[in-house]
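Commentary on secondary and tertiary structure
What follows is the residue order along each chain.
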Amino acid sequence: MSQQSQQSQASPQHPLGSPFGPAATAAEVLEGMDLRGRFVVVTGGHQGIGFEVTRALAGAGAEVLVGARSPERAAEKVAGIAGVAVDRLDLVDPGSVDAFAERRLAAGRPVDVLVHCAAAAPPAERTLDAYGHEIQFATSHLGPFRLTRGLLPLLRAAHGARVVNVSSGAQRMGAIRWDDLDFTSGYDAGAAYAQAKRANVLFAVELDRRWAPEGVRGYAVHPGVVIGTNLNNRPEDQEAYRAQGLVDEEGRPVIDPVAGKKTAAQGAATVVFAAVSPLLDGTGGVYLKDCEVSVVDGTDRPLTADSIPAEVHPDSIDPEAARRLWELTEKMLAR
């Protein structure tokens, strides 16, 4: 039996038959849903896909707290959206993460959904946080891991909470550098990004294994490629975007959701699907794309202008790797 067949039999990573497709927007996924009474925390919820997630969930009645490194700038962006508040949160500063969690614990409000949207744009040169960790891994994995553990009592108290990690199809190319997570040698921005995105998926898998019995489920999401966010809006990358068919000759984003090229509202759709869709009740530890549980695909398929492979790679949901990463992360955060 192939590794892929064994993986598919051993995990819940199977499509559910969702009625939504690649072109669905967050508003369409939430149509008819009443989220009044639910409390959602969204990191980076004031920009890009995160902003669309915030706006859509609040529009359906949820109370949303946006965690942002610059709460003043975030407050300006979400001003006028009913039910949205902002608090300071710097994911690469453990003190800031702990202080944010302590304020939430003091408030005592159960957290129904925690969405990790914040990420760092891949720097051309190796960049470290104040503790010597590669900045993308620190922002996308170490900080969210610390925050999730800090909020665990409130997630448990919700009696049916979900933790959503915004990952990427880049998880297919992501190898965890077990002996050199911080790229002390051989730094490559793309490889560091892919490692962080694979870590997002492995984190969701092991979180669900550990905490599902306590009513806390984990999900990883590929939102699609959304040009125009802080991660995909650098002038120096425009030529590469044109070569990849992501922007036209005038620099305008190419929207082709079937091929994975989406608007921010379409990118947010799978995130809110993971956050609140009843279709996922009883299912967790999975990677989603196009508002559906992804099929498992370990074939080597290149990225082209017409095709953006984003199905989950079997190594991204490997339970042993997920457990190993969790234990290693705990050791890193204990230093």
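First, a word on what this report is: a plain description of the structure on this page. Numbers given to residues run from 1 along each chain, matching the order in which its sequence is written. Two thresholds apply to this predicted model, a pLDDT of at least 70 for residue-level local features and 80 or more for giving and counting side-chain atom pairs, whereas whole-chain, interface and lining totals are computed over all residues. Hydrogens and waters are ignored; side-chain quantities use all the structure's heavy atoms.

**A look at the packing of helix α5 (residues 94-107) against helix α6 (residues 135-150)**
When two helices pack together, their arrangement is given by the angle between the helix axes and the distance between those axes. Heads up, the rule is: Interaxial angle, 0 to 180 degrees, is taken between N-to-C directions of lines fitted to C-alpha atoms, where a helix line uses only the stretch in contact. Secondary structure is summarised from DSSP: a helix means a run of H or I of at least four residues, a strand means a run of E of at least two, and numbering begins at the N terminus for each. Angles are sorted into four bins: roughly parallel if under 35 degrees, roughly antiparallel if over 145, roughly perpendicular if 65 to 115, and oblique for all others. In a left-handed crossing the near helix is turned counterclockwise from the far helix by less than a right angle, and in a right-handed crossing that turn is clockwise. Contact criterion: two residues are considered in contact whenever any of their non-hydrogen atoms come within 4.5 Å of each other. In this classification, the charged set is Asp, Glu, Lys and Arg, the nonpolar set is Ala, Val, Leu, Ile, Met, Phe, Trp, Tyr, Cys and Pro, and all remaining amino acids, among them Gly, are polar.
One way to put it is that α5 packs onto α6 with a least axis distance of 9 Å and a crossing angle of 25°. If you check the angle between α5 and α6, you find them roughly parallel. Crossing hand, α5 versus α6: right-handed. Counted together, P94, V97, D98, F100, A101 and L105 of α5 and G143, R146, L147 and G150 of α6 form the full contact between these two elements. Looking at the contact of α5 with α6 residue by residue, the class counts come to 6 nonpolar, 2 polar and 2 charged.

**Topic: the pattern of salt bridges**
The condition is simple: Between Lys or Arg on one side and Asp or Glu on the other, a salt bridge is scored when a side-chain nitrogen of the former is within 4 Å of a carboxyl oxygen of the latter. Relative accessibility under 20% of the residue-type maximum defines a buried residue, over 50% an exposed one, and the middle range a partly exposed one, all with a 1.4 Å probe and only protein chains included.
All told, the structure shown has 20 salt bridges when counted by the stated rule. In this structure, E214 and R156 form a salt bridge, with 2.3 Å as the shortest nitrogen-oxygen distance. On the criterion of sequence distance, the pair formed by E214 in the loop between α8 (189-211) and β6 (216-222) and R156 in helix α7 (residues 152-157) is long-range, its members being 58 residues apart. A salt bridge links D281 to R162; the shortest N-O distance between them is 2.7 Å. Pair noted here: D281 is in the loop between α10 (264-276) and β7 (286-289) and R162 is in strand β5 (residues 161-166), with a separation of 119 residues, a long-range link. With a relative accessible area of 55%, D281 lands in the exposed category. On the basis of relative accessible area, R162 is assigned to the buried category, the value being 6%. Sharing partners across several salt bridges, the network here consists of R172, K262, K289, D290, D297, R301 and E311.

**With respect to α5**
In plain terms, the rule: In this analysis, the expected span of each helix is defined as 1.5 Å times one less than the number of residues it contains. Contacts described as polar in this section are N or O atom pairs within 3.5 Å, which, within protein, must combine one atom able to donate a hydrogen with one able to accept it, while residues neighboring in sequence count only if both atoms come from side chains.
Counted at 1.5 Å a residue, the expected span for α5 with its 14 residues is 20 Å, and the 20 Å between its end C-alpha atoms agrees. Along α5, the positions that sit buried rather than exposed are P94, S96, V97, F100, A101 and R104. Contact partners of the buried residues in α5: β1 (39-43), β2 (63-68), β3 (84-88), α6 and α7. Regarding α5, its N-cap is D93, as a side-chain oxygen of that residue lies 2.9 Å from the backbone nitrogen of G95 further along. Just downstream of α5 lies G108, where phi reads positive at about 80°.

**Focus on the environment of G298**
For G298, the location among the structural elements is in the loop between β8 (292-293) and α11 (319-334). Taking C-alpha positions, G298 is 29 Å from E239, a pair spaced 59 residues apart along the chain.

**Looking at the side chain of T148**
Note that T148 resides in helix α6. For T148, a relative accessible area of 0% corresponds to the buried category. A polar side-chain atom of T148 sits 2.8 Å from a polar atom in the side chain of H116.

**A few points about the state of the cysteines**
For the record, the criterion: Any two cysteine sulfur atoms lying within 2.5 Å of each other are counted as a disulfide.
A complete count under the given rule lists 0 disulfides for this structure. Counting only cysteine sulfurs, C291 is the nearest neighbor of C117, a cysteine outside any disulfide, at a range of 14 Å. On the basis of relative accessible area, C117 is assigned to the buried category, the value being 16%. Judged by relative accessible area, which is 1%, C291 ranks as buried.

**Considerations on unusual backbone geometry**
Phi angles above zero are rare outside glycine, and H159 is one such case at about 55°. Here H159 shows up in the loop between α7 and β5. Here H159 falls in the exposed class, since its relative accessible area comes to 71%. The backbone of F183 sits at a positive phi, close to 55°, despite the residue not being glycine.

**Details of the nonpolar core**
Note the cut-off: Residue types Ala, Val, Leu, Ile, Met, Phe, Trp, Tyr and Cys, when buried and joined through side-chain atoms within 4.5 Å, form a set referred to as a nonpolar core.
Among the nonpolar cores identified, the biggest contains 47 residues, and L114 and L147 are the most heavily contacted of them. Element by element, the count of residues in this core is highest for α8, at 8 residues. Beyond its immediate stretch of four places on either side in the chain, L114 contacts V41, L147, T148, L151, L155, R162, V163 and V164. Core analysis: the second largest hydrophobic core is formed by 43 residues, V40, F51, V226 and V271 among them.

**Details of the sheet that holds β5**
Defined as follows: A strand pair is defined by DSSP finding two or more bridges across the two strands.
In space, the 8 strands of this open sheet follow the order β3-β2-β1-β4-β5-β6-β7-β8, with mixed pairing throughout. Only two strands of the sheet have a single neighbouring strand rather than two, namely β3 and β8. Relative to β6, β5 runs parallel, the two being bridged by 6 bridges. Each residue of the ladder has a partner; that of V164, found in β6, is Y219. Packed onto the sheet, α5 meets β1, β2 and β3 and runs at close to 135° relative to β3.

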